[in-house]
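Remarks on the overall topology
The primary structure of each chain is shown beneath.
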Amino acid sequence: MSTGSGLIDGDDGLPASEVGAWASQKHTYLNRYLDASRAARSKYLGAGKAGATFLDLFCGPGRGRVRETGKWIDGSAVAAWKMSLEGKAPFTKVLVADLDEDRRDACVERLRRLNAPVEELRGSAVEAAQTAARLLNPYGLHFAFIDPFNLGTLDFSIIRALAQLKRIDMLIHVSAMDLQRNLDANISAETSAFDAFAPGWRKEVNLRQSQAEVRRQVVEYWRSLVLQQGVWPATEMKLITGANNQRLYWLLLAAKHKLAHKLWSAAANIEKQPRLL
């Protein structure tokens, strides 16, 4: 049954969401990275240590039913907590945020039922990122999963805020579909989603060229902004596709340490794929 906020009744009695089959792909790569990085994470665990945090800024309700198959799957924050337990390197703190209170409340309750050290951050993803940057132990190891609905929601202020942390890995969802479908609208609008995603892009991107080249330059400019924050964006990105093999989005790791990139490369198991643009 659907609820008033677009949610459905979950198989565990809490609100859930309907998701595409691609959500399982996304969580596979998330979990592979968390498993690959468990040894590094374990160095920050235990008495007297600074701790390791998982941060999910678009957490959703924490449970979803795959639209194509009817299968129930965990949301990203729940899946990440379970993976950290399985790897015997559990996060010392799980921070979740979602502007939709019903979704956030459901995710928090699911994590509490699993005895996770969960804390919720209220407000927008930008506000949550700024709060997290102030509250987290500056000497800890932190991982942020940034999984917005579109490019406009991937406000660059999120990355700017989290980049203040000394040890931060960010796995970021960059919407290839949004880049392709909404390019004309973003170019012609006085204020567009690109302005939040890559502030200042109009001064750096030559619009008098092919659409593919415009898209490439927008992304490359965004990558340069990430790098300016002292966070190295990986050159390797994992493409997530839909049922008809349409490009949906890419997962990109941005981190300050070479080990994180090495682990991501192994976890993503990069195969020869089409270019982003």
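Now for a description of the structure that goes with this document. (Residues numbered from 1 in each chain as written. Predicted model: local features only at pLDDT ≥ 70, side-chain atom pairs only at ≥ 80, totals over all residues. Heavy atoms only, no water.)

1. A look at the pairing of strand 7 (residues 118-121)
Of the strand pairs in this sheet, strand 6 (residues 93-97) and strand 7 are connected by four bridges, and their pairing is parallel. Residue Val94 lies in a different strand from strand 7, and its bridge partner there is Val118. One crossover worth recording links strand 6 to the parallel strand 7 by way of helix 4 (residues 101-113), and it is right-handed. (Pairing = 2+ DSSP bridges. Helix = DSSP H or I, 4+ residues; strand = E, 2+ residues; numbered from the N terminus. Right-handed = clockwise from strand over helix to strand, strands pointing away.)

2. As for the sheet that holds strand 2 (residues 15-19)
Strand order across the open sheet formed by four strands is 1-2-4-5, with mixed pairing between neighbours. The sheet terminates laterally at strand 1 (8-9) and strand 5 (72-74), the two strands that pair on one side only. With three bridges connecting them, strand 2 and strand 4 (residues 63-66) associate as parallel partners. The partner of Ser17 across the bridge, within strand 4, is Gly64. Helix-sheet contacts for helix 1 (residues 22-36) involve strand 2, strand 4 and strand 5, and the interaxial angle to strand 5 is about 30°. (Contact = heavy atoms within 4.5 Å. Axes fitted to C-alpha atoms, helices over the stretch in contact; angles between N-to-C directions.)

3. Concerning the packing of helix 1 against helix 3 (residues 76-86)
At a minimum axis separation of 10 Å, helix 1 and helix 3 run at an interaxial angle of 30°. Between helix 1 and helix 3, the angle falls in the class roughly parallel. Judged by the twist between their axes, the crossing of helix 1 over helix 3 is right-handed. On helix 3, the residues touching His27, Leu30, Asn31, Leu34 and Asp35 of helix 1 are Ser76, Ala79, Ala80 and Met83. (Parallel < 35°, antiparallel > 145°, perpendicular 65-115°, else oblique. Left-handed = near helix turned anticlockwise from the far one by under 90°.)

4. Observations regarding helix 3
Of all the 11 residues making up helix 3, eight are buried; the element is thus mostly covered by neighbouring parts of the structure. Burial in helix 3 covers these residues: Ser76, Ala77, Val78, Ala79, Ala80, Trp81, Met83 and Ser84. Following helix 3 by one or two positions, Lys88 adopts a phi angle in the positive range, close to 55°. (Buried < 20%, exposed > 50% of the residue type's maximum accessible area, 1.4 Å probe, protein only.)

5. Description of the state of the cysteines
Tallied over the full model, the rule gives zero disulfides. Just so you know, Cys107 is unpaired, no disulfide at all, and the nearest cysteine sulfur is the one on Cys59, 4.0 Å from it. The exposure class assigned to Cys107 is buried, which follows from its relative accessible area of 0%. (Disulfide = S-S within 2.5 Å.)

6. Overview of the pairing of strand 4
Strand direction decides the pairing type here: strand 4 and strand 5, joined by three bridges, are antiparallel. Bridge assignment links Arg63 to a residue of strand 5, and that residue is Asp74. Between strand 4 and strand 5, which pair antiparallel one after the other, the connecting turn spans five residues, and Gly70 there sits at a positive phi close to 80°.

7. Section: the side chain of Thr53
Along the chain, Thr53 falls in strand 3 (residues 52-56). Within polar-contact distance, the side chain of Thr53 engages the side chain of His142 at 3.2 Å. If we ignore the near neighbours within four places in the chain, the residues touching Thr53 are Phe91, Lys93, Leu95, Leu136, Leu141, His142 and Phe143. (Polar contact = N/O pair within 3.5 Å; in protein donor to acceptor, adjacent residues only side chain to side chain.)

8. Re the pattern of salt bridges
Here the idea is simple: oppositely charged side chains can pair when their charged atoms come close. Summed over the entire model, instances satisfying the criterion amount to 15 salt bridges. Ionic pairing is found between Arg202 and Asp195, a salt bridge with its closest N-O pair at 3.9 Å. By relative accessible area, which is 34% here, Arg202 ends up partly exposed. The network of salt bridges with shared partners includes Asp11, Arg63, Asp74 and Lys82. (Salt bridge = Lys/Arg side-chain N within 4 Å of Asp/Glu carboxyl O.)

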